[in-house]
Amino acid sequence: MELLEASPDTTERAQRELQLQLALGSALMATRGYAAPEVEQAYVRARALCSDIDLTPQLFPVLHGLYRIYHVRGDLIAAREVGEHLTELGQSLGDQTLLVEANRALGVPLLWLGEVALARAKLEAGTALYDAKLLRSHAYTYGIDPGVVCLSYAALAWWFLGFNDQALDRSQRALALADELAHPHSRALALVWAAWLRQFRREVPSTEEMAQAAIRLCSEHGYPLWRPMGAILHGWALSESGQKPDDCIAQMRQGLADLRATGAGLWRPCFLALIAEACNKANRIEEGLTVLDQALVIVQERAERFYEAELHRLRGELLLRCNPANVSACETCFRTAIAIARNQQARSLELRAATSLARLWAERGERRNAQDLLTGICGWFTEGFGTPDLQEAQAMLSELGDRGLDE
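Every value quoted in this text rests on a predicted model; they were computed, and no experiment measured them.

1. Considering the overall build of the protein chain
Right, so step 1: Looking only at helices and strands, the protein chain features 22 helices and zero strands.
Right, so step 2: Taking 407 residues into account, the globule formula puts the C-alpha radius of gyration at 22 Å, and the protein chain, at 23 Å, falls close to it.
Right, so step 3: Seen through its C-alpha atoms, the protein chain measures out along the principal axes to roughly 85 × 40 × 35 Å.
Right, so step 4: Counting the 407 residues in the protein chain, one finds 58% classified as buried.
Right, so step 5: Long-range pairs, those at least 24 residues apart, make up 67% of the contacts in the protein chain with a sequence separation of at least 6.
Right, so step 6: For the protein chain, the exposed area adds up to about 16200 Å²; of that, 48% sits on carbon and sulfur atoms.
Right, so step 7: For the protein chain, the distance from the average site of its 41 positive side-chain charges to the average site of its 52 negative ones is 2 Å.

This is how it looks when you write it as structure tokens:
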């Protein structure tokens, strides 16, 4: 870059600078984090160069870089708009490899916006178009392999929509692809997302194992974005396995602070929910409620609605611990969670909220209502019967049947 500054201001010079800015942006994403100011500076300059010399094909990686900045920063509406622009550009250029990236760029913000069925369709379309031989260089041009990203995010989408086995399949394929590519930054994402899926499935040992592997890899290569996410998930797993709750909460809060230090604004509602769970275990109920209130404010401000239903469910659980007599407020939280989940087709989150509400009803003698509610949601599932959430709901159904029902 220093050498170029002394070169004549020609089209050739601009083209060379554009190549360097793209390479710099990709490297900085790994070493500084996607939303770091230096990353944005590189891609903003690259976009200006494209405009100056009318390089339409080269505009695609530039826009893709800006999309990732908006996405990780938490500006989901802007990220979706750029994803739509990338789709139009990929279609106009008739390039299959670019359409893989475009589907990824549109599917990811749709997931966090809570439009998960549409997100799954985009991510699966990207996976279907993916060819590792054709896209091997993309991990270096775009900083991460699009096949790994599509599979990792599709895993969360499938889980959210109630297909636990399909979700696990996508996660395992993402890990296998990352191993095959031998691209550490792609493997770091695959490991963090694999840990996250196991956390959603409430598989504590697997979450801990995957999170530890992610932390080791990120520490080795110096990835500041993925490492704190691994630390948060690891802290949750330690809390669930009975480690000192105060230490676990401290680890998770530090992870969230480290994540925000990279400029990331995304994912906070999900991670704050995990901290609230740990606060519940530590009997720090008021703190947990404060954390959930913070998360719900972020949901409203940023439209990051992926975990909105679970936030309301957890709020109901903590309110019940805080004041067991305030049944009405708790029931309102559970009903709100169910309504949001149904609107989003979030069967996994609906199951959790229904289980919480059914338990509340059963404890106050409304066992028939509780059984009807659980029977309806449990009957929807066709897979994932070994997961803790479904096992808990089925056990409650069995208990309701054994005890008999009130007329």
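Here the narrative resumes, following the displayed structure.
2. Structural notes on a negative patch on the surface
Right, so step 1: A cluster of like negative charges, contributed by Asp75, Glu81, Glu84 and Glu88, occupies part of the molecular surface.
Right, so step 2: Mapped onto the elements, Asp75 comes out in the loop between helix 4 (56-73) and helix 5 (76-93).

3. What about the packing of helix 18 (residues 308-322) against helix 19 (residues 327-344)?
Right, so step 1: Two numbers describe how helix 18 lies on helix 19: the axes approach to 8 Å, and their chain directions differ by 165°. In terms of orientation, helix 18 lies roughly antiparallel with respect to helix 19. Two packed elements cross with a definite hand, and for helix 18 against helix 19 that hand is left-handed. Across the interface between the two elements, Glu308, Ala309, His312, Arg313, Arg315, Gly316, Glu317, Leu319 and Leu320 of helix 18 pack against Ala329, Cys330, Cys333, Phe334, Thr336, Ala337, Ile340, Ala341 and Gln344 of helix 19.
Right, so step 2: Tallied by class, residues from the contact of helix 18 with helix 19 come to ten nonpolar, four polar and four charged.

4. Digging into the packing of aromatic side chains
Right, so step 1: Under the criterion given, the structure shown has 19 aromatic pairs.
Right, so step 2: Measuring from ring centre to ring centre gives 5.5 Å for Trp193 and Trp226, while their planes differ by 90°; the resulting arrangement is edge-to-face. Highlighted residues: Trp193 in helix 12 (residues 184-200) and Trp226 in helix 14 (residues 226-240), separated in sequence by 33 residues.
Right, so step 3: According to the relative accessible area criterion, Trp226 is buried, its value standing at 3%.
Right, so step 4: Taken together, a centroid distance of 5.9 Å and an interplanar angle of 20° make the contact between Trp196 and Phe200 stacked. You can see Trp196 and its partner Phe200 sitting in helix 12, four residues apart, about one turn around the helix.
Right, so step 5: The exposure class assigned to Phe200 is buried, which follows from its relative accessible area of 0%.

5. Digging into the pattern of salt bridges
Opposite charge on two side chains allows them to pair when their charged atoms are near.
Right, so step 1: Overall, the coordinates contain 31 salt bridges when judged by the stated rule.
Right, so step 2: A salt bridge links Asp389 to Arg202; the shortest N-O distance between them is 3.6 Å. Taken together, the residues span a long stretch of sequence, with Asp389 in helix 22 (residues 388-403) and Arg202 in the loop between helix 12 and helix 13 (204-221) at a distance of 187 residues. Comparing Asp389 with Arg202 shows no difference in burial state: the two are buried.
Right, so step 3: A salt bridge links Arg347 to Glu350; the nearest nitrogen and oxygen atoms lie 3.5 Å apart. On the criterion of helical spacing, the pair formed by Arg347 and Glu350 is a turn pair, its members being three residues apart in helix 20 (residues 347-363).
Right, so step 4: Take Arg347: its relative accessible area is 27%, and that puts it in the partly exposed class.

6. Observations regarding helix 18
Right, so step 1: Over its 15 residues, helix 18 extends 21 Å from the first C-alpha to the last, a length consistent with the 21 Å expected when each residue adds 1.5 Å.
Right, so step 2: Burial within helix 18 is extensive, with twelve of its 15 residues counted as buried.
Right, so step 3: Regarding helix 18, the residues found buried are Glu308, Ala309, Glu310, Leu311, His312, Arg313, Leu314, Gly316, Glu317, Leu318, Leu319 and Leu320.
Right, so step 4: Buried-residue contacts for helix 18 involve helix 16 (268-281), helix 17 (285-302), helix 19 and helix 20.

7. So, helix 15 (residues 245-261)
Right, so step 1: The end-to-end C-alpha distance of helix 15, which contains 17 residues, comes to 24 Å, matching closely the 24 Å that a straight helix rising 1.5 Å per residue would cover.
Right, so step 2: Taken together, the buried positions of helix 15 are occupied by Cys248, Ile249, Met252, Gly255, Leu256 and Leu259. The arc enclosing the buried residues of helix 15, seen along the axis, measures out at 125°, which places them on a common side.
Right, so step 3: Packed against the buried residues of helix 15 are helix 14, helix 16 and helix 17.
Right, so step 4: Following helix 15 by one or two positions, Gly263 adopts a phi angle in the positive range, close to 95°.

8. Description of the side chain of Ser186
Right, so step 1: Among the secondary structure elements, Ser186 is positioned in helix 12.
Right, so step 2: Classification of Ser186 by relative accessible area gives buried; the value is 0%.
Right, so step 3: A polar contact is formed between the side chain of Ser186 and the side chain of His183, at a distance of 2.7 Å.
Right, so step 4: Those residues within four positions of Ser186 in sequence are excluded, and the remaining contacts are Ala139, Ile144, Asp145, Val148 and Ala178.

9. Remarks on the environment of Val149
Right, so step 1: With respect to the helices, strands and loops of the structure, Val149 is situated in helix 10 (residues 146-160).
Right, so step 2: Under the relative-accessibility criterion, Val149 is labelled buried at 3%.
Right, so step 3: Taking the C-alpha atoms as reference points, Val149 and Arg187, separated by 38 residues in sequence, lie 9.8 Å from one another.
Right, so step 4: Discounting residues that sit within four places of it in the chain, Val149 has contacts with Arg104, Val108, Ile144 and Leu189.

10. Looking at the environment of Asp179
Right, so step 1: In this structure, Asp179 sits in helix 11 (residues 164-181).
Right, so step 2: Its relative accessible area of 45% is what places Asp179 among the partly exposed residues.

11. Let's talk about the environment of Gln300
Right, so step 1: Tracing the backbone through its elements, the reader meets Gln300 in helix 17.
Right, so step 2: Contacts of Gln300, omitting those with residues within four sequence positions, involve Arg305 and Glu308.

Calculation rules
Residues numbered from 1 in each chain as written. Predicted model: local features only at pLDDT ≥ 70, side-chain atom pairs only at ≥ 80, totals over all residues. Heavy atoms only, no water. Helix = DSSP H or I, 4+ residues; strand = E, 2+ residues; numbered from the N terminus. Rg over C-alpha atoms; globule rule 2.2 N^0.38 Å. Buried < 20%, exposed > 50% of the residue type's maximum accessible area, 1.4 Å probe, protein only. Contact = heavy atoms within 4.5 Å. Areas by Shrake-Rupley, 256 points an atom, 1.4 Å probe, with all protein chains shown as cover. Lys, Arg positive; Asp, Glu negative; His and termini not counted. Charge placed at Lys NZ, Arg CZ, Asp CG, Glu CD. Patch = residues over 30% accessible without salt bridge, like charges linked within 9 Å, V, L, I, M, F, W, Y side chains within 5 Å. Salt bridge = Lys/Arg side-chain N within 4 Å of Asp/Glu carboxyl O. Axes fitted to C-alpha atoms, helices over the stretch in contact; angles between N-to-C directions. Parallel < 35°, antiparallel > 145°, perpendicular 65-115°, else oblique. Left-handed = near helix turned anticlockwise from the far one by under 90°. Nonpolar A, V, L, I, M, F, W, Y, C, P; charged D, E, K, R; others polar. Phe/Tyr/Trp six-rings, centres within 6.5 Å; stacked < 30°, edge-to-face > 60°. Expected span 1.5 Å × (residues − 1). Arc of directions from axis to C-beta. Polar contact = N/O pair within 3.5 Å; in protein donor to acceptor, adjacent residues only side chain to side chain.

The values reported here are purely geometric and, on their own, carry no functional implication.
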